[in-house]
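Overview (structure and organization)
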Amino acid sequence: MVDRRVNIWEPDAECMDREELELFQFERLQATLNRAYKNVAFYKRRFHDLGFDPEDFDDLEMLAELPFTTIHDLMDSYPYDMFAVPLKEVVRIQTSSVSARKPIVIGYTRSDLHIWRHLAARILVAGGVREDDVVQNSFAYGLFTGGLGLHYGAELIGASVIPTSTGRTHQQVRIMEDYRTTVLLSTPSYALVLADELEKQGRNAKRLNLRYALLAGEPWTEEMRAQIEERLKVVATDNYGLSEVMGPGVAGECLERAGMHVAEGHFIAEVVDPKSGERVPPGEVGELVLTTLTREAVPLIRYRTGDLTSLITEPCPCGRTLNRISRIAGRANDTVVVRGINVFPDQVSHLLQEIGGAEPPFMLVVSREQNRDVLTLIIEVTESLFSDKMSHQTALVEEIRNRFSLLIGLNPIVKLVERGTVGESGDEAKRVLDKRFS
Ligand code: DLL
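Now for the packing of aromatic side chains. A full pass over the atoms with the stated rule returns nine aromatic pairs. With centroids separated by 6.4 Å and ring planes inclined at 85 degrees, the aromatic side chains of Phe-52 and Phe-57 adopt a geometry described as edge-to-face. Its relative accessible area of 11% is what places Phe-52 among the buried residues. A residue is classified by how much of its surface remains accessible, and Phe-57, at 0% relative accessible area, is buried. For the pair Tyr-80 and Phe-83, a centre-to-centre distance of 5.0 Å together with 50 degrees between the ring planes defines the contact as tilted. Note on Tyr-80: relative accessible area 33%, which makes it partly exposed. What makes Phe-83 buried here is its relative accessible area of 7%. An aromatic cluster is defined as three or more aromatic residues linked by ring pairs; in this entry it consists of Phe-26, Tyr-37, Phe-42, Tyr-43, Phe-47, Phe-52 and Phe-57. The side chain of Arg-304 reaches across the aromatic face of Phe-68, ending 4.6 Å from its centre. The ring of Trp-220 carries the charged tip of Arg-327 above its face, separated from the ring centre by 4.6 Å.

Domain parsing of the protein chain yields domain 1 (11-20 + 89-333) and domain 2 (338-434). Taken residue by residue, the interface counts eleven residues in domain 1 and nine residues in domain 2. Roughly 850 Å² of surface becomes buried between domain 1 and domain 2 when both sides are summed, with 51% attributable to carbon and sulfur atoms. The partner of Arg-403 in a salt bridge is Glu-223, and the shortest N-O contact between them spans 3.3 Å. Of the residues belonging to the side of domain 1 that touches domain 2, the class tally is five nonpolar, three polar and three charged.

Across the sheet, which stays open at both edges, the four strands sit in the order β20-β19-β18-β21 with mixed pairing between neighbours. Among the strands making up the open sheet, the edge pair consists of β20 (413-417) and β21 (432-434). On average, each strand axis in the sheet is tilted by 20 degrees relative to the strand beside it, whichever way the strands run. Pairing analysis gives three bridges linking strand β18 (residues 362-369) to β21, with the strands arranged parallel. When the sheet's bridge partners are listed, Val-366 is paired in β21 with Asp-434.

How each quantity is defined
- Residues numbered from 1 in each chain as written.
- Predicted model: local features only at pLDDT ≥ 70, side-chain atom pairs only at ≥ 80, totals over all residues.
- Heavy atoms only, no water.
- Phe/Tyr/Trp six-rings, centres within 6.5 Å; stacked < 30°, edge-to-face > 60°.
- Buried < 20%, exposed > 50% of the residue type's maximum accessible area, 1.4 Å probe, protein only.
- Lys NZ or Arg CZ within 6 Å of the ring centre and 35° of its normal.
- Domains from an automatic or database assignment.
- Contact = heavy atoms within 4.5 Å.
- Buried area = accessible area lost by both parts, 1.4 Å probe.
- Salt bridge = Lys/Arg side-chain N within 4 Å of Asp/Glu carboxyl O.
- Nonpolar A, V, L, I, M, F, W, Y, C, P; charged D, E, K, R; others polar.
- Pairing = 2+ DSSP bridges.
- Helix = DSSP H or I, 4+ residues; strand = E, 2+ residues; numbered from the N terminus.
- Axes fitted to C-alpha atoms, helices over the stretch in contact; angles between N-to-C directions.

If you want it as structure tokens, here you go:
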């Protein structure tokens, strides 16, 4: 029998009995709540207003009653107000790439860095990395957490790390071939840029030594995965993280590639309805909310990531007992509920991109006719979706409707309209028109 555990960096933690894991989470959460209360003015105020004393926290389920922390809370704490330790205990400072005038400043203590290194090693090993690999790290080094975060994880495993960072694509491709890179770490879009450059330079991907690509940091699709795997001759895994709670290492796919295992000993993952804030059952899409369990410098309680995903609680054949999250399905912003189903414009946008190559301007219109919700998807005919052949358009409408139904579980009326009818693409305020309340 294959011993799958050789592919697991910390088998004791990653394959822990779930009851034991919950006990672990409870103890660590209690300590986190106490530290946050004592050392972060923001949480002291919050808990005080709520009449909540962390000493009374005696059940993991009580977490669902605590208020959320939002990106606005972090922005208001610029630069150091969320820190739970004095600066002399902080040994690294990074920032979040969230586009805001004031970035989110994140500190790490020695212990935070030690844990981060191991959590990065976990996702790397899960994605196929071994000590004899040559790892080309094409994530940006610097304030962004991707480069340094994965760098130290790969070194910890004992791999040979080439810290190429982003850019100089021409040189990266030469390095990839000459240095016999076996693993690529990059964003999915950069992996495709590298594939283009390979072709441009007339290099054949078959001559490379690449085996795995660990991709992360931005939304992507299964279609992109197929393309990257085909063009670079790799097995590609999806990895999730965000600076606010640490960086890469929060969750990552194993080689089963069926969802990203969350490092649950270090983060509690909840998925909530973005509107009501109530937890949704496993399998249902909602907003990911993360609570840190071991972070010393910046503990975060119920942080709303704004990322849409669902929890996968079924056991994974890899042997890890850690729950998984599904591919990030978009951002929780202008959601609309139709017949009890949450529809996220970002999901629709991804779907249309997959079909047409680029996102055409579209609008979701919800109306109520004879007491039934009716959903209409209005799409502007663009270059990539344009064809003057009537038969082609009929087939296109059919394809959009079928895929919509498969992905979201609703059958919309699909209408193609002339250019300029819907308005600017990406103008989120205009992507949903809910006539039921007007
Ligand atoms: O992107 C951290 C990171 C770097 C993770 C490298 C993994 C590898 P931020 O700049 O704070 O941090 O951006 C985090 O990126 O809230 C998601 O919206 C998005 N994101 C990250 N990973 C994925 C993914 C790093 N696999 C924000 N799929 C998150 C979709 C992702 N979106």
